[in-house]
Amino acid sequence: VRRVFDLAADPAAINEHCATDAALAPLVARRPGLRVPGAWDGFELAIRAILGQQITVGAARNLAAKLVATYGEQVDDPVAAGLGLTRAFPTPDRLMGRDIAALGMPRSRGNALEALARTVAADATIFTPRADLESAIAALKALPGVGEWTAQYIALRELREPDAFPQGDVALQRAMATADGLRPTAAKLLARAEAWRPWRAYAAQHLWAGDAAQISTTTASRGTRTDADEQRAA
């Protein structure tokens with residue numbers, strides 16, 4: 001529970017550092033004490049991250065629901081059933097040798113998920129903290145279907161790396177756009193984030209929260225549900 005809810009963090013020290021940056025200061029003021037949410041299981045997080053590559057949060061959630069409904073083990077518990085929880089997320093062995101792409105995704109992505117399941121089944125220690133962020137990212141990027149963004153995201157939420165930063169994330173780039181709407185490239189955003197070390201994961205969380213709030217405010221009058229709404233719901 002401490003790991004998932006980031007209870008070991010020192011918000012005061014993190015806030016003090018982040019608030020020295022002009023872009024982050026108003027975000028920190030709005031959400032002092034904002035923490036980085038963790039994940040219950042590294043394999044589940046990795047599967048969901050890969051499912052979400054290049055599609056909306058809502059579409060990724062629908063695919064995850066199909067995956068669980070098709071391959072998840074049934075949960076026979078009246079309390080869980082009362083909450084609408086009928087299946088557990090599939091373990092690696094339940095995804096091995098499956099035609100996952102048949103659920104509605106590119107064949108290459110389905111193959112990557114199945115290969116990831118085989119890899120994790122062979123080594124259950126894959127999603128454990130490493131000596132440093134660089135070695136953690138290198139180990140994660142060696143996994144099937146895991147690129148830079150996915151590796152940084154897993155390091156941020158599962159390995160609890162406080163300086164992980166997925167610079168290729170569209171929402172982060174949008175949050176740091178100039179007044180005329182020009183978004184920084186991944187390389188430029190990474191360079192800009194140097195000032196946020198060693199708390200880039202918290203800077204990212206503030207930017208995500210600020211971006212979602214801004215989009216919701218802008219679109220509320222239109223009565224439409226945005227992907228930022230979907231992301232918060234997820």
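Our structure is the block above this text.
Residues numbered from 1 in each chain as written. Predicted model: local features only at pLDDT ≥ 70, side-chain atom pairs only at ≥ 80, totals over all residues. Heavy atoms only, no water.

A. Highlighting the overall build of the chain. Within the chain, the secondary structure is distributed over 13 helices and 0 strands. A compact globule built from 234 residues would reach a C-alpha radius of gyration of about 17 Å, and the chain, at 19 Å, matches this within 12%. Taken along its principal axes, the extent of the C-alpha atoms in the chain is 50 × 45 × 35 Å. Across the 234 residues of the chain, 43% fall into the buried class. Residue pairs at least 24 apart in sequence account for 60% of intrachain contacts in the chain once pairs closer than 6 positions are excluded. For the chain, the accessible surface area stands at approximately 12100 Å², while carbon and sulfur atoms represent 55% of it. The positive charge centre, built from 27 side chains, and the negative charge centre, built from 26, are 5 Å apart in the chain. (Helix = DSSP H or I, 4+ residues; strand = E, 2+ residues; numbered from the N terminus. Rg over C-alpha atoms; globule rule 2.2 N^0.38 Å. Buried < 20%, exposed > 50% of the residue type's maximum accessible area, 1.4 Å probe, protein only. Contact = heavy atoms within 4.5 Å. Areas by Shrake-Rupley, 256 points an atom, 1.4 Å probe, with all protein chains shown as cover. Lys, Arg positive; Asp, Glu negative; His and termini not counted. Charge placed at Lys NZ, Arg CZ, Asp CG, Glu CD.)

B. The arrangement of a nonpolar patch on the surface in detail. A contiguous nonpolar patch, built from Val1, Phe5, Leu7 and Trp40 and spanning about 490 Å² of accessible area, is present on the exposed surface. Structurally, the position occupied by Leu7 is in the segment before helix H1 (11-18). (Patch = residues over 30% accessible without salt bridge, like charges linked within 9 Å, V, L, I, M, F, W, Y side chains within 5 Å. Salt bridge = Lys/Arg side-chain N within 4 Å of Asp/Glu carboxyl O.)

C. A look at the packing of helix H8 (residues 133-141) against helix H9 (residues 148-157). Packing of H8 against H9 leaves a shortest axis separation of 9 Å and a crossing angle of 125 degrees. For the element pair H8 / H9, the angle class is oblique. Seen from above, H8 lies across H9 with right-handed handedness. Residue-level contacts link Leu133, Ile137, Leu140 and Lys141 of H8 to Glu148, Ala151, Gln152, Ile154 and Ala155 of H9. For the contact of H8 with H9, the per-class residue count stands at 6 nonpolar, 1 polar and 2 charged. (Axes fitted to C-alpha atoms, helices over the stretch in contact; angles between N-to-C directions. Parallel < 35°, antiparallel > 145°, perpendicular 65-115°, else oblique. Left-handed = near helix turned anticlockwise from the far one by under 90°. Nonpolar A, V, L, I, M, F, W, Y, C, P; charged D, E, K, R; others polar.)

D. Representation of unusual backbone geometry in the model. Here the residue pair Arg197 and Pro198 is connected by a cis peptide bond, since its omega of 5 degrees sits within 30 degrees of zero. With respect to the helices and strands, the residue Pro198 is situated in the loop between helix H11 (186-192) and helix H12 (200-220). The backbone of Asp6 sits at a positive phi, close to 55 degrees, despite the residue not being glycine. Secondary-structure assignment places Asp6 in the segment before H1. With a phi angle near 60 degrees, Arg160 is a residue other than glycine that sits in the positive phi range. Examined against the element boundaries, Arg160 turns out to sit in the loop between H9 and helix H10 (170-175).

E. Spotlight on the packing of aromatic side chains. Under the defined criterion, the tally for this structure stands at 4 aromatic pairs. With centroids separated by 5.8 Å and ring planes inclined at 70 degrees, the aromatic side chains of Phe165 and Trp196 adopt a geometry described as edge-to-face. One end of the pair, Phe165, is in the loop between H9 and H10; the other, Trp196, is in the loop between H11 and H12, with 31 residues separating them in the sequence. Judged by relative accessible area, Phe165 falls into the buried class, the value being 1%. The exposure class of Trp196 is buried, given its relative accessible area of 1%. Ring plane angle 75 degrees and centroid distance 5.9 Å describe the contact between Trp199 and Tyr202, whose orientation is recorded as edge-to-face. (Phe/Tyr/Trp six-rings, centres within 6.5 Å; stacked < 30°, edge-to-face > 60°.)

Distances and angles like these do not, on their own, reveal function.
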